[in-house]
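Structural features, examined
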Amino acid sequence: MTLLKTLAPYDFPSSDAVENYKGRQLLYVNWERHRMFSRPFVLALPPETPFAEIIDKHMTDCFSYHPDWAQIDWSAVRWLNGSQPFSPDRDKSLADNGIGHKDLIRFITPGLDGIAGSGY
Amino acid sequence: MDMKVSKKLGLKERYTMMTRDLAWDTTFQPMDKVFPQVGYEGIKIHDWDQWEDPFRLTMDAYWKYQAEKERKLYAILDAFNQNNGHLSVTDARYMNVLKLFLGSTPPLELMAARGFSMVARQMVGAGPRVACMMQSVDEYRHFQTQIHSISNYNRFYNGMDEFAHQQSRMWYLSDGKSFFDDAITAGPFEFMVAIGFAFEYVLTNILFVPFISGAAYNGDMAAMTVGFSAQSDEARHMTLGLECIKFMLEQDPDNLPIVQRWIDKWTWRGTRKLASVGMMMDYMLPKRIMSFKEAWEIYFEQNGSALFNDLARYGVKVPKCFAQTIEEKEHITHQSWIGFYMKPDACPFHTWIPAPDELDWLSEKYPNTFDKYYRPVLEHFDRQEKAGNRFNNKTQPMNCQVCVSTIKFNEPGDPMEMCFRETVYKGEKFHFCSDHCKEIFEDEPEKYVQTFISSHAALQGKCEPEGTDINAHDYRPGARMHAYWRMDKRATGDFNGSEDQKNFAEWRHQATKN
């Protein structure tokens, strides 16, 4: 229950409600144990965007700077949406993969722990 | 006709006549209508006369002291500037400390001035009202003197001229802005706990040590003198914050849980705000004073423990985040520097990889963490830069909904994992950097759903420079952030190869060689 106390009615819209993105939705992407990138990155994409675009374009553009990117065994990668494991289908859209507004996709590459195994 | 000359008033009498005796209770309107804000937060005050004035300063004495300090300060600033003082600093990298400081601190001093003048208006008692009014004027003075002391550097070095424009727009300045927006939109008592107590009392030394001692250690007499000029003000601010806490706790036992929640909240928010200050100590000052970890141990763990022991008689406990900050002191400065290093295009100051002897210093100061987690990646970045492949992460960040830091801190207990927390409110997901920020959100979600997150605003098309045609065929929201931020290209990028580096070397050469 809210602890907010005010002198007058207090009702303001969320700054990042999905309506504010004109047909797009926010998606955050993090590569686990590769903290060189400091924090996840955020994208605004239509829900029809194929998941393949996330990997082939956005993740590749950002993460390929890391020497581990070339070492990834794609048959072993695992994914989380927030804290829930999920198996995205490359050819399906974000919506069809169950990815909603402001979801955080966490990309796990077993055996790869960053520069000198430091998590970076 | 004989005049009877009365003897001069004593300090105490004089103070009473110039403050409390000038106050009165309103009669045309009830007091609670004139002072509506002192009641709604739930703090119960039964007798404002019980307020103990922590310092007895009247306005005339205040002007006199402050004027004297100003004269000294500006005499030293003039001498320093006329003597090309900027060339006497340790190293041109030092200028970047000033740039980060200029963007992050004076605008917050201005917010503090506004906040204290609002609180002064709302306080029923004359004692706290006068003290808050003086603090407001102090904060205004700090805001102006900080800018003045740095303005001379602006003639020589890049990236200082648009700090006021950038303050409410730049990604990395949003954390400090949100800190004060949160405080100033709270009620007067929460503001006092937030700024007067948690920030000015519990955490202020962590801010003072890097800037003021850092300036002194690095030959910046201008910033050092500003600090000394502010120091006696800060001492007053600390006693005011502490007195306010004691006053609330002595007035009614029901105030304790409210005050405790605010102490927990604001100590944590202040700690998050200080991550970039710590980074300045460990990475940006060419001549270091002490490590952030050592400063945290002295000023927070030891002094903070003593303070909370003192407050235990009121039932106050150490802030909930205490243990987490102790774990994080080994990590956050390294995590912050990596976060800035990887955005060379998106900061109006330079970043760099520390020299080998500086990396050794970090290894020595952080024996438990630096070599294991941070040194390998910094050395990797260094090799990449030397090979012409300097790191430049062009993506937009994910930020915490409460503290607005980028989400870059580790899971407690596991430095290799990122810490994520989330909650759903009215069908929308919100993300946090920590349990503490999540709890702050859940206590007052109506407030934090409005947080300004620069990357999100950009993706909504709200961060466009003037003249952008949002109906153009190739319009992409957020594609022109540099123009929106008014970034001077010369101020961005790695320190190595920068114009600042080149000019400083050349001017120093002219000053010391024939």
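What you are looking at is a predicted structure, and each value in this text was computed from that prediction instead of being measured.

Examining the overall build of chain A
Secondary structure summary: chain A contains one helix and five strands in total. The globule rule puts the C-alpha radius of gyration for 120 residues at 14 Å, and the 17 Å found for chain A is more than 25% above it. Principal-axis analysis of the C-alpha atoms places the extent of chain A at approximately 60 × 30 × 25 Å. Relative to all contacts within chain A whose residues are 6 or more apart in sequence, the contacts with residues 24 or more apart total 68%.

Some points on the overall build of chain B
Regarding its fold elements, chain B presents 24 helices and five strands. The C-alpha atoms of chain B give a radius of gyration of 24 Å, which matches the 24 Å a tight globule of 514 residues would have. Within chain B, the proportion of its 514 residues that are buried is 47%. Across chain B, every contact between residues at least 6 apart in sequence was considered, and the portion connecting residues at least 24 apart equals 76%.

Describing the packing of helix α6 (residues 106–122) of chain B against helix α9 (residues 174–184) of chain B
Residue and element names in this part refer to chain B. Orientation of α6 relative to α9, taken along the N-to-C sense of each, is 0°, at an axis distance of 10 Å. Here α6 lies roughly parallel to α9, going by the angle between them. Of the residues in α9, those touching α6 at Leu-108, Met-111, Arg-114 and Gly-115 are Gly-176, Phe-180, Ala-183 and Ile-184.

Quick word on the nonpolar core
Generally speaking, a soluble globular protein has its nonpolar side chains buried in company with each other. Core analysis: the biggest nonpolar cluster contains 152 residues, and Leu-27 of chain A together with Val-193, Ala-194 and Ala-198 of chain B have the highest contact counts within it. Not counting residues within four places of it along the chain, the set of residues in contact with Leu-27 of chain A comprises Leu-43, Leu-45, Leu-94, Ile-99, Asp-103 and Ile-105 of chain A.

Quick notes on the pairing of strand β5 (residues 428–432) of chain B
All names here are of chain B. By the bridge criterion, five bridges tie strand β4 (residues 421–425) to β5 in an arrangement that is antiparallel. Each bridged residue has a counterpart across the sheet, and for Val-424 the counterpart in β5 is Lys-429. Following β4, the chain reverses through two residues before pairing antiparallel with β5; Lys-426 in that reversal takes a positive phi of roughly 45°.

Here's the deal with the interface of chain B and chain A
With 44 residues of chain B at the interface, the matching set in chain A holds 39 residues. Counting residues per element, the ones that place at least two in the side of chain B that touches chain A are α17 (332–341), α19 (370–386), β1 (396–397), β3 (414–418), β5, α21 (445–448) and α22 (454–459) of chain B. Its residues assigned to classes, the side of chain B that touches chain A shows 20 nonpolar, 13 polar and 11 charged. Two elements, strand β2 (residues 41–45) of chain A and β1 of chain B, share two bridges in a ladder whose sense is antiparallel. Bridged to Phe-41 of chain A within β1 of chain B is Pro-397 of chain B.

Description of the sheet that holds strand β3 (residues 78–81) of chain A
The mixed open sheet is built from six strands, whose spatial order is β4(A)-β3(A)-β5(A)-β1(A)-β2(A)-β1(B). Looking at which strands have only one partner, the edges of the open sheet turn out to be β4 (84–86) of chain A together with β1 of chain B. Contacts from helix α1 (residues 51–63) of chain A reach β1 (25–31) and β2 of chain A, with the element oriented near 55° to β1 of chain A.

A closer look at the environment of Glu-70 of chain B
Residues and elements named next belong to chain B. Position of Glu-70 relative to the elements: it lies in helix α4 (residues 59–82). Taking the C-beta count within 10 Å as the criterion, Glu-70 has 14 such neighbours and is therefore assigned partly exposed. Put simply, Glu-70 and Arg-141 are 71 residues apart on the chain and 9.2 Å apart in space, counted from C-alpha to C-alpha.

Things to note about the packing of helix α11 (residues 204–217) of chain B against helix α15 (residues 292–311) of chain B
A pair of packed helices is characterised by two quantities: the angle between their axes and the separation of those axes. Residue and element names in this part refer to chain B. As a packed pair, α11 and α15 sit with axes 9 Å apart at the nearest point and diverge in direction by 140°. Crossing hand, α11 versus α15: right-handed. Packed against α11, whose contacting residues are Asn-205, Ile-206 and Val-209, the element α15 presents Ala-295, Trp-296, Tyr-299 and Phe-300 at the interface. Of the residues belonging to the contact of α11 with α15, the class tally is six nonpolar, one polar and no charged.

Topic: α15 of chain B
All names here are of chain B. Largest kink in α15: about 30°, centred on Gly-304. Within the span of α15, buried status applies to Phe-292, Lys-293, Ala-295, Trp-296, Phe-300 and Gly-304. Contacts from the buried residues of α15 go to α10 (188–202), α11, α14 (275–284), α16 (322–328), α17 and α18 (356–365).

Re the confidence of the model for chain B
Considering every residue of chain B, the mean pLDDT works out to 94; 100% of them sit at 70 or more. Scoring of the predicted complex yields 0.95 for pTM and 0.98 for ipTM.

Here we look at the pairing of β1 of chain A
All names here are of chain A. Counted residue by residue, β1 has six buried out of seven residues, so it is predominantly covered. As defined by bridge partners, β1 adjoins strand β5 (residues 103–108) across five bridges and the pair is classed as parallel. Looking at the pairing, Val-29 lines up with Ile-105 of β5.

Topic: unusual backbone geometry
Non-glycine residue Ser-38 of chain A carries a positive phi angle of around 70°. On the secondary structure map, Ser-38 of chain A appears in the loop between β1 and β2.

A look at the environment of Phe-107 of chain A
Residues and elements named next belong to chain A. Relative to the elements of secondary structure, Phe-107 occurs in strand β5. Classification of Phe-107 as buried rests on a count of 21 C-beta atoms within 10 Å. Expressed as a C-alpha distance, the spacing of Phe-107 and Asn-81, which sit 26 residues apart in the sequence, is 9.0 Å. Discounting residues that sit within four places of it in the chain, Phe-107 has contacts with Val-29, Asn-30, Trp-31, Glu-32, Val-77 and Trp-79.

Quick look at the environment of Lys-293 of chain B
All names here are of chain B. On the secondary structure map, Lys-293 appears in helix α15. For Lys-293, a count of 21 C-beta atoms within 10 Å translates into the label buried. Measuring from C-alpha to C-alpha, the distance between Lys-293 and Leu-274 comes to 12 Å, with 19 residues separating the pair along the chain. In contact with Lys-293, not counting residues within four places along its chain, are Lys-329, Glu-330, Lys-365 and Tyr-366.

Definitions and limits used
Just so you know, the residues in each chain are numbered from 1, in the order the chain's sequence is written. Following the order in which they are written, the chains are lettered starting with A and the ligands numbered starting with 1. Given that the model is predicted, a residue must reach a pLDDT of at least 70 before its local features are reported, and side-chain atom pairs must reach 80 or more before they are shown or counted; all residues, however, enter totals for whole chains, interfaces and linings. Strands are runs of DSSP state E lasting at least two residues, helices are runs of H or I lasting at least four, and both sets are numbered from the N terminus onward. The globule rule used for comparison is 2.2 Å times the number of residues to the exponent 0.38, while the radius of gyration itself is calculated over C-alpha atoms. Each residue gets a C-beta atom placed from its backbone, and two residues are in contact if those atoms lie within 7 Å. Exposed residues have 12 or fewer other C-beta atoms within 10 Å of their own C-beta, buried residues have 20 or more, and partly exposed residues fall in between, where C-beta atoms are placed from the backbone. Helix axes use the C-alpha atoms of the stretch in contact, all axes being lines fitted to C-alpha atoms, and the angles between their N-to-C directions lie in the range 0 to 180 degrees. For classification, angles of less than 35 degrees are called roughly parallel, those exceeding 145 degrees roughly antiparallel, those between 65 and 115 degrees roughly perpendicular, and all remaining angles oblique. Throughout this description, the term nonpolar core refers to a group of buried Ala, Val, Leu, Ile, Met, Phe, Trp, Tyr and Cys residues whose C-beta atoms join them within 7 Å. Strand pairing is assigned whenever DSSP identifies at least 2 bridges connecting the two strands. All residues other than Ala, Val, Leu, Ile, Met, Phe, Trp, Tyr, Cys, Pro, Asp, Glu, Lys and Arg, Gly among them, are scored as polar; the first ten of these are nonpolar and the last four charged. A clockwise turn of the near helix away from the far one marks a right-handed crossing, whereas an anticlockwise turn of less than a right angle marks a left-handed crossing. The term bend refers to the angle at a residue between two fitted axes, each drawn through seven residues, those ending there and those starting there. In predicted models, pLDDT denotes the confidence assigned by the predictor to each residue on a 0 to 100 scale.

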